Amino acid sequence: MSQSPAPTRKLSPVSRRTILFGTAAATLLASTGCIPYTRDAISTIGEVKFSNPLRIPRLADSAVDGDGVRTFDLTARAGTTEFLAGKQTPTWGFNRSYLGETLRARRGEKVRFNVRNELDETTTVHWHGMHLPAEMDGTPHQPVRPDGQWHPHWTLHQRAATLWYHPHPHGETEDHVNNGLAGMFIIDDDESDRLGLPSQYGVDDVPVIVQDRSFDDEGEFTTRYRGINGFLGDNILVNGTYAPYLDVETELVRLRILNGSSARVYNFKFDDDRRFDLIGTDGGLLEKPRRMKNIVLSPAERAEIVVRMKPGSRTILRSAPQDLGAGVLATGAGGNDRMEVLQLRARPALRRSGALPAQLVAVERLRPRSSATKREFVLDGVEINGKEMDMSRVDTVVPANNLEVWTVRNVAGQPHNFHIHDVQFQVLDVDGHAPPPELTGWKDTVFLPGKSEVRIAVPFGSYTNAHVPYMYHCHLLWHEDRGMMGQFTVVAPDEVGSAPRKLEMKEMHDHA
Ligand code: C2O
Ligand code: CU
Ligand code: CU
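Since the structure is predicted, the reported quantities are computational estimates derived from the model, not experimental observations.

**Digging into the overall build of the protein**
And step 1. Each helix and strand counted, the protein has 5 helices and 37 strands in total.
And step 2. A buried classification covers 62% of the 512 residues belonging to the protein.
And step 3. Once local pairs closer than 6 in sequence are excluded, the contacts in the protein between residues at least 24 apart make up 78%.
And step 4. Counting only carbon and sulfur atoms, one obtains 47% of the accessible surface of the protein, whose full area is about 19,200 Å².

What follows is the structure, given as structure tokens:
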């Protein structure tokens, strides 16, 4: 790899959680362009005992009322969790001490949430990957104060998919997610039910929320090590389980993998190099299963994979080194790290699984006309198009129901990714080439290694509100917290010219 180093640039004011070391190293690196980063690659290969059964977040209870609204209670609270034997780690969670219960509902259903905040700081709950009105999106514009409540509701107008939910308080997202506020949100539909895919929750259809964490001697989380992309942990937790294994009872097991980490990009593969079938990405199932040996997921991306097991066999899901497009930055960004993730242990006798269908679902190809609206987003430092996030500024006003072409260009040497709220988009090309198999389906977050460019087709929906914005941003949580984010509103096409570019902040806080 002969990538040129990140261009010299001034880093923005250091946030209160920034440890000087990380910033100093980044600045130094940016100015000289050639220092080896200050931490060697780490490896946990062969060192993890896989001694703990994988925890499965329980499915959240819900009740359907007379109007057909499925209602969930979701309470953010503090607690403690035992990750390491005999040590209690202070953590946060939704309805549990760490992470959140899994939410599950069907396409077409109306859902409603009684969100309560029992923490002593303001948080929000964002429904990542969801198509919904901006007032329900759970961004910094819908704060839930300590002891406060929030009751968002909407109708699920999207296909079966593995989404997730997490806080989005401006400048605090990394902290809240690292403490444990994150959960899975599974949408089902008739089309996916008919496929006979492994679908017994926690048995052959298993949530796999992957996070890196570091512990101090007392067993408390520490985010001491910060590379240029933010916090990188030394250990992997899956669903909040340290050194996890999963007992597999069926020939096929479906893993719904979510990169719930702050900054770590994983290159998932198995220790025996076995192939697996990729069946779904962020926003739904693929057209057909794609045979793969590895898949890269940057923070917030999801992949549904199906693994075939032989009776009595074992295999280990790992993260292998990868090219972050960062050249000299690869180590500081974790690109050279090797991590054990999850051991799969097949029982001596396995229940038969139905065959994986050769075709999954129809994925309608978005084909923007040449006259489609085109926009460009340049990622550099922690800015998008040379700007940092301003909650009162609307960066982009989008006409409702518009199919647009967005070009996202990472001009820096370090990796970023790009997430858009409210939509599921399709990748048109990557550095001018046709997208690889893992980018042929619906996506809401796309990885951009250093010096790379993607073009995406973005089908905006019909929910309009000129006063409440959605966001697009880098989903490396520290970058996002430092302002690598912009805001867009969706408005009726004839209101694009008159829609406000400046928002009255006070007014917006009352929308919830
Ligand atoms: Cu998952 Cu704006 O975020
Ligand atoms: Cu989101
Ligand atoms: Cu970034």
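**Re the coordination of the copper ion (ligand 2)**
Working reference: metal with six octahedral donors, ideal angles 90 or 180 degrees; metal with four tetrahedral donors, ideal angle 109.5 degrees.
And step 1. At the metal site, the copper ion (ligand 2) is ligated by His 126 (NE2) and His 419 (NE2), and these contacts range over 1.9 Å. One end of the pair, His 126, is in strand 8 (residues 126-128); the other, His 419, is in strand 32 (residues 416-420), and 293 residues separate them in sequence.

**Here's the deal with the coordination of the copper ion (ligand 3)**
And step 1. Within the first shell, the copper ion (ligand 3) binds the protein through His 416 (ND1), Cys 474 (SG) and His 479 (ND1), at distances of 2.0 to 2.1 Å.
And step 2. Of note, the donors binding the copper ion (ligand 3) are all from one chain and are spaced H-x57-C-x4-H. Taken together, the residues span a long stretch of sequence, with His 416 in strand 32 and His 479 in helix 4 (residues 477-481) at a distance of 63 residues. When sorted by exposure, His 416 lands in the same class as His 479, which is buried.

**Quick notes on the packing of aromatic side chains**
The geometry of an aromatic ring pair comes down to the distance between the two centres and the angle between the two planes.
And step 1. All told, the structure shown has 28 aromatic pairs when counted by the stated rule.
And step 2. Within the aromatic cluster, the residues linked to one another by ring pairs are Phe 72, Phe 94, Phe 113, Trp 127, Trp 150, Trp 154, Tyr 165 and Phe 185.
And step 3. In this structure, Arg 345 is placed above the aromatic ring of Tyr 245, and the distance from its NZ or CZ to the ring centre is 3.7 Å.
And step 4. Just above the ring of Trp 478 sits the side chain of Arg 482; from NZ or CZ to the centre is 4.4 Å.

**Focus: the pattern of salt bridges**
And step 1. Tallied over the full model, the rule gives 31 salt bridges.
And step 2. Where Arg 58 meets Asp 61, a salt bridge forms, and the shortest distance between an N and an O atom there is 3.2 Å.
And step 3. A salt bridge links Arg 455 to Asp 429; the shortest N-O distance between them is 2.8 Å. Of this pair, Arg 455 sits in strand 35 (residues 452-459) while Asp 429 sits in strand 33 (residues 426-430); the two residues are 26 residues apart in sequence, bridging distant segments of the chain.
And step 4. Taken together, the shared-partner salt bridges in this structure form one network comprising Asp 282, Glu 301, Arg 302, Lys 443 and Asp 444.

**Some thoughts on the pairing of strand 12 (residues 183-188)**
And step 1. For strand 12, the tally of buried residues reaches 6 of 6 residues, placing the bulk of the element in the interior.
And step 2. Judged by which residues are buried, strand 12 turns out to be covered on both faces: Gly 183, Phe 185 and Ile 187 on one side and Met 184, Ile 186 and Asp 188 on the other are all buried.
And step 3. Where strand 6 (residues 103-106) and strand 12 come together, 4 bridges link them in parallel fashion. By the bridge assignment, Arg 104 is partnered in strand 12 with Ile 186.
And step 4. Bridge analysis of strand 11 (residues 161-166) against strand 12 gives 5 bridges, and the strand direction is antiparallel. Bridge pairing in strand 12 links Leu 163 to Phe 185.

**Digging into the layout of surface pockets**
And step 1. The computed volume of the largest pocket comes to approximately 440 Å³.
And step 2. Taken together, 25 residues form the lining of the largest pocket, with Val 430, Glu 438, Leu 439, Phe 447 and Pro 449 sitting closest to its centre.
And step 3. Elements with a contribution of two residues or more to the lining of the largest pocket: strand 24 (294-297), strand 34 (445-448) and strand 35.

**Some words on the sheet that holds strand 6**
And step 1. Read across the open sheet, the 4 strands follow the order 6-12-11-8; overall the sheet is mixed. Two strands close off the open sheet at either side, each with one partner strand: strand 6 and strand 8. Averaged over all pairs of adjacent strands, the angle between strand axes in this sheet comes to 25°, irrespective of strand direction.

**So, the sheet that holds strand 34**
And step 1. Sheet architecture is open: 5 strands sit in the order 30-37-36-32-34, paired in mixed fashion. Strand pairing shows two members of the sheet lacking a second neighbour, strand 30 (396-399) and strand 34, which therefore form its edges. Looking at each pair of strands side by side, their axes are set apart by 25° on average, direction ignored.
And step 2. Pairing between strand 36 (residues 470-473) and strand 37 (residues 485-491): 4 bridges, direction antiparallel. When the bridges of strand 37 are listed, His 473 appears paired with Met 485.

**So, the pairing of strand 17 (residues 235-238)**
And step 1. Burial of the side chains of strand 17 extends over both faces: Asn 235 and Leu 237 are buried on one face and Ile 236 and Val 238 on the other.
And step 2. Bridge count for strand 13 (residues 205-215) against strand 17 is 4 bridges, and the pairing is antiparallel. If you follow Arg 213 over to strand 17, its bridge partner there is Asn 235.
And step 3. When strand 17 meets strand 18 (residues 241-242), the two strands line up antiparallel, connected through 2 bridges. In the strand pairing of strand 18, Val 238 is matched with Thr 241.
And step 4. What sits between the antiparallel neighbours strand 17 and strand 18 is a turn of 2 residues, in which Asn 239 has the positive phi angle 50°.

**Quick look at unusual backbone geometry**
And step 1. In the Ramachandran plot, Leu 99 falls in the positive-phi region, its phi being about 60° despite a non-glycine side chain.
And step 2. Looking at where Leu 99 falls in the secondary structure, it is placed in strand 5 (residues 99-100).
And step 3. Judged by its relative accessible area of 0%, Leu 99 falls in the buried class.
And step 4. Not every positive phi belongs to a glycine, and Asp 147 is a case in point at roughly 65°.

**Let's talk about the environment of Asn 465**
And step 1. Looking at where Asn 465 falls in the secondary structure, it is placed in the loop between strand 35 and strand 36.
And step 2. Separated by 27 residues in sequence, Asn 465 and Ala 492 have C-alpha atoms that sit 8.5 Å apart.
And step 3. Ignoring anything within four residues of it in the chain, the contact list for Asn 465 reads Glu 135, Thr 489 and Val 490.
And step 4. Side chain to side chain, Asn 465 and Glu 135 meet in a polar contact 3.3 Å long.
And step 5. Engagement of the side chain of Asn 465 in a polar contact is seen with the backbone nitrogen of His 467, the distance being 2.9 Å.

About the criteria used
Residues numbered from 1 in each chain as written. Chains lettered and ligands numbered in written order. Predicted model: local features only at pLDDT ≥ 70, side-chain atom pairs only at ≥ 80, totals over all residues. Heavy atoms only, no water. Helix = DSSP H or I, 4+ residues; strand = E, 2+ residues; numbered from the N terminus. Buried < 20%, exposed > 50% of the residue type's maximum accessible area, 1.4 Å probe, protein only. Contact = heavy atoms within 4.5 Å. Areas by Shrake-Rupley, 256 points an atom, 1.4 Å probe, with all protein chains shown as cover. Donors = N, O, S within 2.8 Å, 3.2 Å for Na, K, Ca; no water. Phe/Tyr/Trp six-rings, centres within 6.5 Å; stacked < 30°, edge-to-face > 60°. Lys NZ or Arg CZ within 6 Å of the ring centre and 35° of its normal. Salt bridge = Lys/Arg side-chain N within 4 Å of Asp/Glu carboxyl O. Pairing = 2+ DSSP bridges. 1 Å grid on protein atoms, 1.4 Å probe; cavity = no way out; pocket = protein on both sides within 12 Å on 5 of 7 lines; lining within 4 Å. Points joined across faces, edges and corners; volume = space filled by probe spheres on them. Axes fitted to C-alpha atoms, helices over the stretch in contact; angles between N-to-C directions. Polar contact = N/O pair within 3.5 Å; in protein donor to acceptor, adjacent residues only side chain to side chain.

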